[in-house]
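Structure assessment
The chain contents come next:
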Amino acid sequence: LADGLEVWGTSRRADRLPARQRFHGVVLDLGDGAAAERVFLEAEQAAGGFDIVINNAGYSVFGAFGDTDFELWQRQLEVMLVNTARLARAALRGMRARGRGALVNVSSMAAEFPLPFQSAYNMVKAGLSALSESLMVEVAGTGVVVIDFRPGDYRTDIDGSMHRAPESFTPRMARVWAAFTHMMRTGPAPAHAAAALRGALQTRRSGTVRTGRLFQTRVAPLLVRLAPRSLIRAIEARYFHSAP
């Protein structure tokens with residue numbers, strides 16, 4: 001908006017959409033894939049085609065995989081992977097027809113470093129990164145850009161929107177939860193991630209963009225390439241206080 005762009009923003013609730021000049025609020029709920037695609041296509045038509053589409057919706061379920069109702073895991077996969085992929089497909093079709101555009105799938109550093117007791121979230125983010133990698137190959141030479149955007153810890157309200165499964169909460173999980181919420185609340189401000197994404201878009205190139213704390217985005221990926229996975233798991237356990 002500050003750059004003078006027309007912006008379409010979505011929320012499940014109309015009262016969370018701000019009234020600002022050049023901002024077009026759209027009520028969209030990824031819980032219903034067919035309805036979400038219909039709303040997206042209507043907004044795209046009203047806009048005359050979107051130059052940039054950012055898939056940024058997300059929430060998490062915190063619980064032991066075997067002790068939490070499977071419907072909770074399945075619902076997260078449907079909302080954040082299946083239905084997000086559905087909108088990515090709709091966006092990509094319009095961009096390829098116009099020969100330009102940028103599709104951004106917001107994954108997470110969890111795609112590389114899974115978060116303890118957040119199985120479906122890890123699956124979703126790894127799946128979105130795999131989807132983005134696949135699309136980068138498909139759009140090569142078409143004028144369309146695909147960005148796999150992987151934030152680390154940021155000061156957002158994801159812990160407030162997270163579903164916790166109390167039936168499986170243990171002292172070990174309580175330690176992990178405390179470590180997770182502390183990292184989220186002490187991370188960089190969201191504007192830092194927005195600036196990183198803006199810079200990536202300005203390059204007009206497809207690729208993977210990691211952003212967040214220095215350790216998460218620079219040191220940790222280097223460890224993945226050089227260190228054995230057993231060492232990485234030990235570091236993760238210490239990082240999240242998840243050791244038994």
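The structure reproduced in this document is the subject of the present report. (Residues numbered from 1 in each chain as written. Predicted model: local features only at pLDDT ≥ 70, side-chain atom pairs only at ≥ 80, totals over all residues. Heavy atoms only, no water.)

**Here's the deal with the overall build of the chain**
On a plain count of helices and strands, the chain comes out with seven helices and eight strands. Compactness check: the chain gives a C-alpha radius of gyration of 18 Å against a globular reference of 18 Å for 244 residues, within 12% of the reference. Summarising its shape, the C-alpha atoms of the chain cover approximately 55 × 40 × 30 Å along the three principal directions. Taken across its 244 residues, the chain has 44% of its residues classed as buried. Of the roughly 13000 Å² of accessible surface on the chain, 54% is carried by carbon and sulfur atoms. The centroid of the 30 positive side-chain charges in the chain is displaced by 7 Å from the centroid of its 22 negative side-chain charges. (Helix = DSSP H or I, 4+ residues; strand = E, 2+ residues; numbered from the N terminus. Rg over C-alpha atoms; globule rule 2.2 N^0.38 Å. Buried < 20%, exposed > 50% of the residue type's maximum accessible area, 1.4 Å probe, protein only. Areas by Shrake-Rupley, 256 points an atom, 1.4 Å probe, with all protein chains shown as cover. Lys, Arg positive; Asp, Glu negative; His and termini not counted. Charge placed at Lys NZ, Arg CZ, Asp CG, Glu CD.)

**Observations concerning unusual backbone geometry**
Positive phi is not limited to glycine here, since Arg204 has a value of about 60°. With respect to the element layout, Arg204 can be found in the loop between helix H5 (190-203) and strand S8 (207-211). What makes Arg204 exposed here is its relative accessible area of 70%. Of note, the phi angle at His241 is positive, near 55°, even though the residue is not glycine. Structurally, His241 can be placed in the segment after helix H7 (229-240). Taking relative accessible area as the criterion, His241 reaches 46% and is therefore assigned partly exposed.

**Some details on the pattern of salt bridges**
All chains considered together, the criterion is met by ten salt bridges. Across the salt bridge formed by Glu112 and Arg210, the nearest N and O atoms sit 2.9 Å from each other. One end of the pair, Glu112, is in the loop between strand S5 (101-106) and helix H3 (119-139); the other, Arg210, is in strand S8, with 98 residues separating them in the sequence. We classify Glu112 as buried; its relative accessible area is 15%. For Arg210, a relative accessible area of 28% translates into the label partly exposed. (Salt bridge = Lys/Arg side-chain N within 4 Å of Asp/Glu carboxyl O.)

**Re the sheet that holds S5**
Note on sheets: strands pair through backbone hydrogen bonds, and any given pair is parallel or antiparallel. Taken together, the four strands give an open sheet; going across it, the order is S3-S5-S6-S8, and neighbouring strands pair in parallel fashion. Where the open sheet ends on each side, the last strands, each with one partner, are strand S3 (52-55) and S8. Across the sheet, the mean angle separating the axes of adjacent strands is 20° when strand polarity is ignored. Looking at chain direction, strand S6 (residues 144-151) and S8 are connected through five bridges and run parallel. Residue pairing for S8: Phe149 is matched across the bridge by Val209. Taken strand by strand, H3 contacts S5, S6 and S8, and its axis lies near 160° from that of S6. (Pairing = 2+ DSSP bridges. Axes fitted to C-alpha atoms, helices over the stretch in contact; angles between N-to-C directions. Contact = heavy atoms within 4.5 Å.)

These figures capture arrangement, not role.
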